[in-house]
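Examining the three-dimensional arrangement
Spelled out from the first residue to the last, the chains are:
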Amino acid sequence: MKTDIMGIAFDNVTMQEALDKASAILRGDKTCYAVTPNAEIAYEAMKDERLRALINGADLVLPDGAGVVLASKLLKTPLKQKVAGVDFADGLLGLLAESGKSVYLLGSKPGVAELAAEKMREKHPGLIICGMHDGYFKDEAPVIEAVNAAKSDVLFVCLGAPKQELFMKRHQQELTCKLMIGLGGSLDSFAGTVKRAPKWMIAANLEWLYRLYKEPKRFGRMLRLPKYLWAVVCKRIRG
Ligand code: UDP
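Structure report, in brief. Everything numeric here is computed off the predicted structure, so don't read it as measured data.

**Digging into the overall build of the chain**
- Each helix and strand counted, the chain has 13 helices and 8 strands in total.
- A compact globule built from 239 residues should have a C-alpha radius of gyration of about 18 Å, and the chain, at 17 Å, falls within 12% of that.
- Viewed in the frame of its principal axes, the chain has a C-alpha envelope of about 55 × 35 × 35 Å.
- When each of the 239 residues of the chain is scored for burial, the buried share is 50%.
- Taking as baseline every contact in the chain between residues at least 6 positions apart, the subset at least 24 positions apart corresponds to 75%.

Here you go:
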């Protein structure tokens, strides 16, 4: 079931339901894509019709972040839970390892995907990572060729938003994998080059505050969160 939050049609799912949907996509014969918008991206999408269409055109739209879930509650159309992209990706890797399916890692600075792959294989023994490529390339054609040659079932696209959403839409017809997922800086998290917040901060919905503490230059970007929530409150008041 989809729930509209400020123009974005989110899948109202638990983590398990999101993984079940991904499994169904992997059994199908289409190339699908999944997106994981947080409040920052949702705010951008409010103002940018093209970005909104890219997001709403996805087969799976997962609420990555406490801001979106809070917005859904303020609007009285509560989403079941936050489904953080990096946690969803990790759950999916578990499923892939169990079923002998493969993943290709695309994005981040040179060397990060290799490090992420090492950590992923440690956590999910038997996982098939059939290729990787950094996210700093000019010519897209050879990258598409490499991804298709690797014959992966899943493609992690970690180029940051909205670059990754544009990439997935642009190449949906040519790519032969079953599921691509836009995952922002998740490879950095897997690799450990960017640490996730301590558990208590994640549990208190303060992961955004930790990111700000670690990367103060994100301050300008993060102002989109209060702006997004303010827009939500205004919408609620107007009814
Ligand atoms: N990135 C990339 N190619 C680019 C620009 C960015 O691979 O041309 C990567 C960057 O190295 C980082 C990720 O995309 O790993 C973006 O991370 P960020 O935390 O900014 O994204 P978010 O998760 O907030 O969308």
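**Regarding the side chain of Asn148**
- You can see Asn148 is positioned in helix H7 (residues 141-150).
- Within the local environment of Asn148, its side chain forms a polar contact with the backbone oxygen of Glu174, the two atoms lying 2.9 Å apart.
- Setting aside residues up to four positions removed in sequence, Asn148 forms contacts with Glu174, Leu175 and Thr176.

**Points about the layout of surface pockets**
- One number sums up the size of the second largest pocket: a volume of about 330 Å³.
- Every element with two or more residues in the lining of the second largest pocket is listed here: helix H5 (85-99), helix H6 (112-123), helix H9 (186-191) and helix H10 (199-203).
- Residue composition of the lining of the second largest pocket, grouped by class: 6 nonpolar, 2 polar and 7 charged.

**Focus on unusual backbone geometry**
- Residues Ala161 and Pro162 are joined by a peptide bond in cis, for which omega reads 5°.
- Here Pro162 is to be found in the loop between strand S7 (154-158) and helix H8 (163-171).
- Even without being a glycine, Met6 presents a positive backbone phi close to 50°.
- In this structure, Met6 sits in the loop between strand S1 (2-5) and strand S2 (8-11).
- Owing to a relative accessible area of 13%, Met6 belongs among the buried residues under this scheme.

Rules of the game
- Residues numbered from 1 in each chain as written.
- Predicted model: local features only at pLDDT ≥ 70, side-chain atom pairs only at ≥ 80, totals over all residues.
- Heavy atoms only, no water.
- Helix = DSSP H or I, 4+ residues; strand = E, 2+ residues; numbered from the N terminus.
- Rg over C-alpha atoms; globule rule 2.2 N^0.38 Å.
- Buried < 20%, exposed > 50% of the residue type's maximum accessible area, 1.4 Å probe, protein only.
- Contact = heavy atoms within 4.5 Å.
- Polar contact = N/O pair within 3.5 Å; in protein donor to acceptor, adjacent residues only side chain to side chain.
- 1 Å grid on protein atoms, 1.4 Å probe; cavity = no way out; pocket = protein on both sides within 12 Å on 5 of 7 lines; lining within 4 Å.
- Points joined across faces, edges and corners; volume = space filled by probe spheres on them.
- Nonpolar A, V, L, I, M, F, W, Y, C, P; charged D, E, K, R; others polar.

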